[in-house]
Amino acid sequence: MDAKELLDSLDVGVLAMAPDWTIAEWSAAAARITALPADRVVGRSIWVAFPAAKGTELERVLAEVLADGKPRTFLAPAGAPEVAGTVLETRVSRGPGDQLALSFRPVHEELAPESRAAQLLSALEAERRLYQQLFSSLPTPALVLTPDGQILDANPEGAKLLGGADAAALRGRGLAEWAPASQQGMLAAALRHAVTRRQDVALSFEFAGEPAREVRAVIVNVDPVRAAPKLVFLALDVSREILLQQRLLQADRLSQLGALVSGVAHELNNPLAAIAAFGEALALDPHQADLEESAEVIRSEAMRAGRIVQTLLDFARQRPRMQTAVDLGEIAERVLALQRSALKKARIRTTISIPNDVPAVAGDPQELQQVMLNAVVNARQAIESAGRPGQIAIVGRSSDHHVLVTVEDTGPGVPPEILDRVFEPFFSTKAEHGTGLGLAISFGLVRGMGGRMWMQNVEGGGARLSFELPVDAGSPDAAARGGGRPAVRRLSLLVVEDEEAVRRALALLAKRLGHDVTTVGRFADATERLAQPGARYDALLVDVHLDEAHTGFDLFDHLRTAGQGLERRIVFTTGDSISTQTRDALERADRPVLRKPFSLDELREMLDRVAAG
């Protein structure tokens, strides 16, 4: 029989403790008495097996035997929750190399019930049982620690907080393992100070594959009399509360942004409309052919600035979901226009490959813009994390009554072990820089529009986000732009616009289309014109914002009251439709809206619709 078999054959539990106070050997009887198998304790601190004995008689006896080599025997509670109430008779002796040998056996059942010792031990057992029940039933995470942060015990909620299967798996480990490096010094100082004074701390706990957990905790010394105190760490997981605060702060900032954009959109879009209109007129003037390229740059840049303002308006606006035909190519261009500066700074080239014959999809334009923006931002951040230039490619193609769109980047790709989790709410690989909501929101938006979304890695590096949406059933084939083509028929137009530059620009473009145009700048001027004998107008282009006392809706109501049907010939123009009052008024009027800045083709299409009606 070898030494191990001999050790395991004994009725008493035997353990060998190395000079660093870790368990080197653990007999079968030791496992049976303590309910702790060898693989849970060998190689770990002795306090893993006897967590409640830290700072008690056992620690003192072990230190004395190490110092003088004289064997000692004593009685003490086992101190482990698995064997609560068990009293062990323990013999400690020193062996070669300053190793200690401990042999122990339970003796409580051997004591006569009427003996003083039995009564004291029964009382002690009752106290321990009450403590353990209270500790385990706490609804908040609780840990028992040494001043150096070693975990002696944990209740079930404490084990959950640290991602452990049970308390036994945590014993003997340092709490600092779960704290980020930047907070470990602060935690160590708080534990030291907690020996003499209660400490309140805020920490982030991290473990692989999980979002960081924000914790607020109280650390109290519950055994101040002993030389080796025990600290109770009572924690509250405030991750969701902090996330909610961040969301509320973000919502407040968005609300402020919306109010700011709403206030300046009208002031921005009016001059942009004038610049775009005069630029387009100049580009189409055959007598100014040498200026055609410059004029086109002026027009296109003014329209791009207008799209950026409109995008900000769209994001800040709160409104119910709508279902309409959406041109994904236009959405992609708007998103890249918004991200142009960030993409340039990150040295990222972008391409859009959505052929003209790809049909429109059925969806909500603002929600699809958010989906596309989330995809591009994720791709940009992935490339930036690699620290080198890259490329983002947006590709669209028809696929069996659906349109498939892919956003592919040349970043490092998604780790395979988390690829299936990228659409989970609050799951993020960006630590404090990510909310874990972007892709989750996109996934829900696409699914709400009858589509589907998925993520995959690209061979050779990079990731590809794909989403598929149904084709809009009533979507016409893409039509070629008309350039300076004249209108279907000549119309008599009344332009009611308070901004002189925009008024002149509208007149210029309308005349370019072959229409007769009259312009006025105020509500009173418009009503006077319309009241003149023989006045006849096929369409009225009316700005939503007129003079200080009137809006375009006042003119609409005035014509409706007159009862001649002229209100049905109104086309509203606006550079700001974000306010609730404006939006509601437009919905009640149920008239077409020409958003500033606009192109010659957009003006032609709008006037053709009015003429056809």
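Residues numbered from 1 in each chain as written. Predicted model: local features only at pLDDT ≥ 70, side-chain atom pairs only at ≥ 80, totals over all residues. Heavy atoms only, no water.

(A) The arrangement of the overall build of the chain in detail. On a plain count of helices and strands, the chain comes out with 19 helices and 22 strands. By residue count, 45% of the 613 residues in the chain fall in the buried class. Long-range pairs, those at least 24 residues apart, make up 58% of the contacts in the chain between residues at least 6 apart in sequence. (Helix = DSSP H or I, 4+ residues; strand = E, 2+ residues; numbered from the N terminus. Buried < 20%, exposed > 50% of the residue type's maximum accessible area, 1.4 Å probe, protein only. Contact = heavy atoms within 4.5 Å.)

(B) Fine view of the sheet that holds strand 19 (residues 516-520). Taken in spatial order, the five strands make up an open sheet running 19-18-20-21-22, and their pairing is parallel. The open sheet is flanked by strand 19 and strand 22 (593-595), the only strands paired with a single partner. For this sheet, the mean angle separating the axes of adjacent strands, direction not counted, is 20°. Strand contacts of helix 17 (residues 552-562): strand 18 (492-496), strand 20 (539-543) and strand 21 (570-574), with the helix running at about 170° to strand 21, the strand carrying the most contacts. (Pairing = 2+ DSSP bridges. Axes fitted to C-alpha atoms, helices over the stretch in contact; angles between N-to-C directions.)

(C) Spatial organisation of the side chain of R503. Relative to the helices and strands, R503 resides in helix 15 (residues 500-512). No salt bridge is formed by the buried R503; its nearest oppositely charged neighbour, E500, is found at 5.0 Å. Setting aside anything within four residues of it in sequence, one finds R503 in contact with V495, E497, D498, T519, V520 and G521. (Lys, Arg positive; Asp, Glu negative; His and termini not counted. Salt bridge = Lys/Arg side-chain N within 4 Å of Asp/Glu carboxyl O.)

(D) Local environment of the packing of helix 11 (residues 328-338) against helix 13 (residues 365-386). Helix 13 packs onto helix 11 with a crossing angle of 50° between their chain directions and a minimal axis gap of 9 Å. Relative to helix 13, the element helix 11 is oriented oblique. Considering only the axes of helix 11 and helix 13, their crossing is right-handed. Listed contacts from helix 13 to L328, I331, A332, R334, V335, L336 and L338 of helix 11 are P365, L368, Q369, M372, L373 and V376. Tallied by class, the residues present in the contact of helix 11 with helix 13 amount to eleven nonpolar, one polar and one charged. (Parallel < 35°, antiparallel > 145°, perpendicular 65-115°, else oblique. Left-handed = near helix turned anticlockwise from the far one by under 90°. Nonpolar A, V, L, I, M, F, W, Y, C, P; charged D, E, K, R; others polar.)

(E) The packing of aromatic side chains, seen in detail. Counted according to the given criterion, the structure contains four aromatic pairs. Measuring from ring centre to ring centre gives 6.3 Å for W26 and F104, while their planes differ by 45°; the resulting arrangement is tilted. A residue pair is termed long-range when its members are at least 10 positions apart, and W26 in strand 2 (residues 23-26) and F104 in strand 5 (residues 100-106) qualify at 78 residues. For the residue pair W26 and F104, the accessibility class agrees, reading buried in each case. Ring centres 6.2 Å apart and planes at 45° place the aromatic pair F556 and F572 in the tilted group. Here F572 lies in strand 21 and F556 lies in helix 17, a separation of 16 residues in the sequence. Just as F556 is buried, F572 falls in that class too. (Phe/Tyr/Trp six-rings, centres within 6.5 Å; stacked < 30°, edge-to-face > 60°.)

(F) Spatial organisation of helix 13. For helix 13, which comprises 22 residues, the first-to-last C-alpha distance of 32 Å matches the rise-based estimate of 32 Å (1.5 Å per residue) to within 8%. Here helix 13 starts with a cap whose side-chain oxygen sits 3.1 Å from the backbone nitrogen of E367, and that cap is D364. Positive phi shows up at G387, right after helix 13, with a value of about 70°. (Expected span 1.5 Å × (residues − 1). Polar contact = N/O pair within 3.5 Å; in protein donor to acceptor, adjacent residues only side chain to side chain.)

(G) Summary view of unusual backbone geometry. Here the amide bond leading from K596 into P597 is cis, since omega sits at -10°, within 30 degrees of zero. When you line up the elements, P597 lands in the loop between strand 22 and helix 19 (600-612). Its identity is not glycine, yet D98 carries a phi of approximately 60°, on the positive side. Secondary-structure assignment places D98 in the loop between strand 4 (87-94) and strand 5. Residue D98 is classed as partly exposed on the basis of its relative accessible area of 39%. For D590, which is not glycine, the phi torsion reads 55° and is therefore positive. Relative to the helices and strands, D590 is located in the loop between helix 18 (580-589) and strand 22.

(H) Quick look at the pattern of salt bridges. Inspection of the entire model under this criterion finds 17 salt bridges. Salt-bridge contacts for E64 lead to R72; the nearest nitrogen and oxygen are separated by 3.2 Å. As a salt-bridge pair, E567 and R568 come within 3.8 Å of each other at their nearest N and O atoms. E567 gets classed as buried once you look at its relative accessible area, which sits at 9%. Overlapping salt bridges, with partners in common, bring together R60, E64, D68 and R72 in one network.

(I) Region of interest: the environment of F423. Secondary-structure assignment places F423 in the loop between strand 15 (402-409) and helix 14 (438-448). Along the chain, F423 and M455 lie 32 residues apart, while their C-alpha atoms are 8.9 Å from each other. The contacts of F423, once residues within four sequence positions are left out, are L439, A440, F443, M453, W454, M455 and L465.

(J) Quick look at the pairing of strand 15. A large share of strand 15 lies buried, amounting to six of its eight residues. Joining the antiparallel neighbours strand 14 (residues 390-398) and strand 15 is a turn of three residues, in which D400 adopts a positive phi near 55°.

(K) Fine view of the sheet that holds strand 17 (residues 463-470). Across the sheet, which stays open at both edges, the five strands sit in the order 12-14-15-17-16 with mixed pairing between neighbours. The strands lining the two open edges of the sheet, one partner per strand, are strand 12 (348-353) and strand 16 (452-457). Neighbouring strand axes in the sheet, compared pairwise and without regard to direction, differ in orientation by 15° on average. As judged from the seven bridges shared by strand 14 and strand 15, these two strands associate in the antiparallel manner. Bridge pairing links R397 to L404 in strand 15. Most of the contacts of helix 11 go to strand 12, to which it runs at about 165°, and overall it touches strand 12, strand 14 and strand 15. Where helix 13 meets the sheet, it contacts strand 12, strand 14, strand 15, strand 16 and strand 17, and its direction lies at approximately 150° from that of strand 14.

(L) Spatial organisation of the side chain of T90. Topologically, T90 is positioned in strand 4. Residue class for T90 comes out buried when judged on its relative accessible area of 7%. Setting aside its immediate chain neighbours within four residues, T90 contacts R72, T73, F74, L102, S103 and F104.

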